[in-house]
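Each chain, letter by letter, is given below.
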Amino acid sequence: FFLMIRRPPRATLFPYTTRCRSLFPLRVLVKHNVRTVPTVGGALLFGKDRLRRFPEAYLKAALFEGTDRRRILDSVEFKSLLPVAVDEALAFVSKQLRREIVIGGSRSARHTEKWSIPEATVREALVNAVVHTDYAQRSPVRIAVFADRIEIESPGLLVTGLTIRSEVRRVGHECSSRWSPSPY
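Cut-offs used in this document
Residues numbered from 1 in each chain as written. Predicted model: local features only at pLDDT ≥ 70, side-chain atom pairs only at ≥ 80, totals over all residues. Heavy atoms only, no water. Helix = DSSP H or I, 4+ residues; strand = E, 2+ residues; numbered from the N terminus. Buried < 20%, exposed > 50% of the residue type's maximum accessible area, 1.4 Å probe, protein only. Contact = heavy atoms within 4.5 Å. Areas by Shrake-Rupley, 256 points an atom, 1.4 Å probe, with all protein chains shown as cover. Salt bridge = Lys/Arg side-chain N within 4 Å of Asp/Glu carboxyl O. Patch = residues over 30% accessible without salt bridge, like charges linked within 9 Å, V, L, I, M, F, W, Y side chains within 5 Å.

(A) Geometry of the overall build of the chain. The secondary structure content of the chain amounts to six helices and eight strands. In the chain, the succession of helices and strands from N to C terminus is α-β-β-α-α-β-β-α-β-β-α-β-β-α. Residues classed as buried in the chain amount to 26% of the 184 residues present. Sequence separation of at least 24 residues holds for 46% of the intrachain contacts in the chain that already meet a minimum separation of 6. For the chain, the exposed surface amounts to about 13,300 Å²; the carbon and sulfur share of it is 56%.

(B) Fine view of the pattern of salt bridges. Considering all chains together, one arrives at 11 salt bridges under this definition. Here Arg69 and Glu153 are joined by a salt bridge, their closest N and O atoms 3.0 Å apart. Residue Arg69 is found in the loop between strand 3 (59-64) and strand 4 (72-78), and its partner Glu153 is found in strand 8 (residues 150-153); the two are separated by 84 residues along the sequence. A relative accessible area of 35% places Glu153 in the partly exposed class. Residues Asp87 and Arg123 are paired through a salt bridge, measuring 2.9 Å at the closest nitrogen-oxygen approach. Placement of the pair is Asp87 in helix 4 (residues 82-96) and Arg123 in helix 5 (residues 119-132), with a sequence separation of 36 residues. Judged by relative accessible area, Asp87 falls into the partly exposed class, the value being 41%. Beyond isolated ion pairs, a larger network of salt bridges with shared partners links Arg69, Asp148, Arg149, Glu151 and Glu153.

(C) Main features of a nonpolar patch on the surface. On the surface, Leu158, Val159, Leu162, Ile164 and Val168 cluster together into a nonpolar patch covering about 480 Å² of accessible area. Following the sequence through the fold, Leu162 ends up in the loop between strand 8 and helix 6 (164-178).

In structure tokens form, the structure reads like this:
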């Protein structure tokens, strides 16, 4: 049922049952009657036929010219297993980002790279989009890269009682109380 889990040869250190047991705390496998079956999360992350059961469980990215959606310069779909697709999407986005190379002072030949948007920030946004997508919505996670920003769209609705306005206010207050806004 999973691509990543195969019955190992007899002479292995960790028997199949031990490896399967270690997946229960991760909630990717559960017992149902007498059978061990994958959860929806397990099927989404590691399922062989994930796209048959969840046809929109993939990421779609596009690079646009300028700051609007009038002209697409590049477009790609990432249909690998979701953890791999996140890495592939991150590589696509990172390739498009501007980066500045700062060479050390007169005493050093070393250099550092400064990205227009930190790679860790983009990774966190991609992982959050994949994890919090409502896969019943039948729409993939969409990534749009513009000259001045990145937009990541994750299908689904807000949790009951949560509004965009309240979250913007909350996040804005938390950010202003911790540090000054970034110039980017």
